[in-house]
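Here's the letter readout for the chains.
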Amino acid sequence: MPPKPKNGDAARNAATSIESVLKEKRVFKPSKAFAATAHISSFAAYERLYKLAEKNPDKYWSDVAGKYHWFKKWKKVSLWKEPHAKWFLGGTTNVCYNALDVHLTSGRKNKAALIWEGEPGDERTMTYSQLHREVCKFSNVLKKRGIGKGDRVAIYMGMVPELAIAMLACARLGATHNIIFGGFSSQALVDRINDAKAKMVICADGAFRRGQKINLKSAVDAALKDTPSVENVIVYQRTGETVTMAEGRDHWWHDLMNLAGDHCDAEPLDAEHPLFILYTSGSTGKPKGILHTTGGYMVHAANSHRMVFDLKDDDIYWCTADIGWVTGHSYVVYGPLINGATVFMYEGAPNYPDWGRFWSMIQRHRITIFYTAPTAIRAFIRAGDEWVNKFDLSSLRLLGTVGEPINPEAWMWYYTAIGKKKCPVVDTWWQTETGGIMISPLPGATPLKPGTATRPLPGISVDVVHKDGTPCKANEGGFLVVKRPWPSMLRTIYGDDERYKKQYWSDIAGMYFTGDGARKDKDGYIWIMGRVDDVVNVAGHRLGTSEVESALVAHARVAEAAVVAKPDELKGSALVAFVTLKSGGANPTLELKEELRNHVAREIGPIAKPDEIRFTEALPKTRSGKIMRRLLRELAGGGEVKGDVTTLEDFGILEKLRQNDDD
Ligand code: WT7
């Protein structure tokens, strides 16, 4: 018997996804040409390395860590006292030093570190030496404003090089950065700044998005009314629109940089020194501040990047993720720069001025490695092949995906229309919590099957298990767990270690529970079936349905809300909100629906906007008062309500909910 997931999502998806993937028989072996120059060039070599790492993980990770610069070598590789891990104990290093300083003497000094294109079409290139200089200057700016080791700094900017400069400068000094995605609202800023008790905010006046100027500074101004910990704000001028600057508190980036010296030593930091906090959604309560530390994170982010993307010195590498998400932290900034890569970075929307923008940039910049999300791939499929076919994509040699399961048909399109059947596709599974890629093909070694992230990386021990921790049989659905700590594992939830224990270490004894349902096929390939908790993946971004519910209930007219996901062709999941209104108040009108959707966008950000609002007189509940989300999910998905409804308190409700379907 497969285990019964806590909530219905994975179970609901399991039937259909297992059915569809079992039909998936296609296998794509690495071409001889690709394997010939790959870092790991055969499946046998991967398996050898994997077994070696399993036999002696500390030895494996110690060898990997030895590839990077340490001011002082560690005394002990790892220490595990469940649920807390420490890595490279007694060692000191600096992630920024590894990302920049080491290249100044390695022959990469004048190599392009960043090639950047703004949405309006402006371009900038920065060599390692130039980027190093900017980061040193900005480190001095931070120091002068009282920022040092251990302080938390919130960063809220669009995709400009200065965002990378700001985070690298924090890392250089040992200040812990807390990047807040530029699409979040001022309320989300308040929560994250206060939870981290950030001393400073670094922001931009605004950002370009789909031809519009988005004002970021005004969101900061609104947030700063409720954030007592913030002393200074540094504002980078990007769009040039009018902003208000609070005397004494707000400073222009360019003014401070003009006065800053360009020498600043990187601080030797303990391997376990906090590098960053990044907030992500959980199934309940407020967002979780995922804490990552210095040494272990650095080692796995850099090493996984080199292995999975088979990085070569002449690659031009593009990961389309925003730096506001973990993918941007690990695979736009830290991993690639530590490896001395040339990183391409783009500011704006994929369809501005039209759906050819990405392909035009690949052609013009001769991009060789392209890493994006399935939701983007599905949007490109919908936009039509004519946009792709206008451009020369022959520079590409490797493709990657991340963020959610990629359906085999989208995989095939990516492989064929973009990769012209010559680029391996690495489907990479990981999480904000894991810090780096955990499950992924190695492009010169692993035979690919569309729709699976294949096998774990060397040093990473994952399995699919039952609730009691016993392994599932081949193709049997279960819980995806990590059985042993790994260097870039989150260390805790910032300020809430109890929640950390409960969230990741209490479901399955002795193992890290990922929250994902999965199955393992007879070749040991992992097929992700989706979340088993009330977390949904909308367009590759994780949202807790409870957060959206709280936002709705915060509206004056709403009494109660239940938010569930339904499958969506483009976004993976779409949000459906079932809402009951306060009595004697407003009528359930179309205008009110719009108002509620916009209200959520204001409270959390546009990504959280429910796709559908359904007003109802009551929500289906158990006798103990728990909302029966499974029923709502079935209704939202347009399906019949199947399964057990005996615990439902009022049977009439289901009928009413059905009738409300079509308005
Ligand atoms: C959740 C983590 C890691 C960066 C982006 C998302 C889902 C992620 C895959 C993949 C199937 C995937 C999982 C995971 N997910 N990558 N290749 N195949 N599912 O980070 O916001 O922390 O979300 O995204 O459900 O648990 P995140």
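None of these values were measured; they are calculated from a predicted model.

1. With respect to the sheet that holds strand β19 (residues 398–402)
Here comes step 1: Overall, mixed pairing links the 7 strands, which are arranged β5-β4-β17-β16-β18-β19-β20 in an open sheet. Edge positions in the sheet fall to β5 (123–127) and β20 (425–428), since each of these pairs with one other strand and no more. For this sheet, the mean inter-axis angle between neighbouring strands, taken without regard to orientation, is 20°.
Here comes step 2: Both strand β4 (residues 112–117) and β5 contribute to a ladder of 5 bridges, which runs antiparallel. Paired with L114 across the strands is M126, a residue of β5.

2. Re the pattern of salt bridges
Where charged atoms from two side chains of opposite charge approach closely, those side chains can pair.
Here comes step 1: Evaluated as defined, the whole model comprises 44 salt bridges.
Here comes step 2: For the salt bridge of R108 with D313, the shortest nitrogen-to-oxygen distance reads 3.0 Å. Placement of the pair is R108 in the loop between α5 (95–99) and β4 and D313 in the loop between α11 (295–308) and β16 (316–319), with a sequence separation of 205 residues.
Here comes step 3: D262 serves as the salt-bridge partner of R133, at 3.0 Å between the closest nitrogen and oxygen. Of this pair, R133 sits in helix α6 (residues 128–144) while D262 sits in the loop between α10 (253–259) and β13 (269–270), placing them 129 residues apart in sequence.
Here comes step 4: By relative accessible area, D262 is classed as partly exposed at 40%.
Here comes step 5: Within this structure, E117, E123, R357 and R364 form a network of salt bridges that share partners.

3. Digging into the domain arrangement of the chain
Here comes step 1: By domain assignment, the chain separates into domain 1 (96–349) and domain 2 (539–662).
Here comes step 2: Each partner contributes residues to the interface: domain 1 has 14 residues there, and domain 2 has 13 residues.
Here comes step 3: Overall, the association of domain 1 and domain 2 removes approximately 970 Å² of surface from exposure, summing both partners, and the carbon and sulfur fraction of that is 47%.
Here comes step 4: The three residues of domain 1 that bury the most area against domain 2 are S185, S281 and W325, which together make up 41% of that side's buried surface.
Here comes step 5: Here domain 1 and domain 2 share 0 salt bridges between them.
Here comes step 6: For the pair domain 1 and domain 2, the interface holds 5 residue pairs in polar contact (both at pLDDT 80 or more).
Here comes step 7: Class assignment for the residues of the side of domain 1 that touches domain 2 results in 4 nonpolar, 9 polar and 1 charged.

4. Notes on unusual backbone geometry
Residues apart from glycine generally show negative phi values, whereas peptide bonds are mostly found in trans.
Here comes step 1: A cis amide bond links E82 to the next residue, P83, at an omega of 0°.
Here comes step 2: As for its placement among the helices and strands, P83 is situated in the loop between β1 (76–81) and β2 (84–89).
Here comes step 3: For the peptide bond that leads from Y352 to P353, omega is -5°, which places it in the cis range.
Here comes step 4: We note that R210 has phi near 50°; this positive angle belongs to a residue other than glycine.
Here comes step 5: The phi torsion at K421 lies on the positive side, around 60°, for a residue other than glycine.
Here comes step 6: Within the element layout of this structure, K421 appears in the loop between α16 (408–418) and β20.
Here comes step 7: Judged by relative accessible area, which is 55%, K421 ranks as exposed.

5. A word on the site of the ligand
Here comes step 1: The immediate surroundings of the ligand are formed by 17 residues, with D427, T428, T432, D516 and R542 found nearest.
Here comes step 2: Contact distances for the ligand include 3.4 Å between a nitrogen atom and a backbone N or O atom of P405.
Here comes step 3: One of the backbone nitrogen or oxygen atoms of T428 is found 2.7 Å away from a nitrogen atom of the ligand.
Here comes step 4: For the ligand, the protein covers 95% of the area, taking 550 Å² as the surface of the free molecule.
Here comes step 5: Secondary-structure elements contributing two or more residues to the shell around the ligand are α12 (326–338), β20 and β25 (526–531).

6. Regarding the packing of aromatic side chains
Here comes step 1: One pass over the structure, following the stated rule, counts 42 aromatic pairs.
Here comes step 2: Considering the side-chain rings of F138 and W253, the 4.0 Å spacing of their centres and the 15° angle between planes classify their relative orientation as stacked. Of this pair, F138 sits in helix α6 while W253 sits in helix α10, placing them 115 residues apart in sequence. As far as burial versus exposure is concerned, F138 and W253 are alike and both buried.
Here comes step 3: Through successive ring pairs, a cluster of aromatic residues spans W318, F344, Y346, W355, F358, W359, F370, F380 and Y414.
Here comes step 4: Looking at R124, its charged tip hangs above the ring of W116, at a distance of 5.8 Å from the centre.
Here comes step 5: Here the guanidinium or amino end of R192 rests over the ring plane of F184, the centre of that ring lying 4.5 Å away.

Calculation criteria
Residues numbered from 1 in each chain as written. Predicted model: local features only at pLDDT ≥ 70, side-chain atom pairs only at ≥ 80, totals over all residues. Heavy atoms only, no water. Pairing = 2+ DSSP bridges. Helix = DSSP H or I, 4+ residues; strand = E, 2+ residues; numbered from the N terminus. Axes fitted to C-alpha atoms, helices over the stretch in contact; angles between N-to-C directions. Salt bridge = Lys/Arg side-chain N within 4 Å of Asp/Glu carboxyl O. Buried < 20%, exposed > 50% of the residue type's maximum accessible area, 1.4 Å probe, protein only. Domains from an automatic or database assignment. Contact = heavy atoms within 4.5 Å. Buried area = accessible area lost by both parts, 1.4 Å probe. Polar contact = N/O pair within 3.5 Å; in protein donor to acceptor, adjacent residues only side chain to side chain. Nonpolar A, V, L, I, M, F, W, Y, C, P; charged D, E, K, R; others polar. Near = heavy atom within 4 Å. Areas by Shrake-Rupley, 256 points an atom, 1.4 Å probe, with all protein chains shown as cover. Phe/Tyr/Trp six-rings, centres within 6.5 Å; stacked < 30°, edge-to-face > 60°. Lys NZ or Arg CZ within 6 Å of the ring centre and 35° of its normal.

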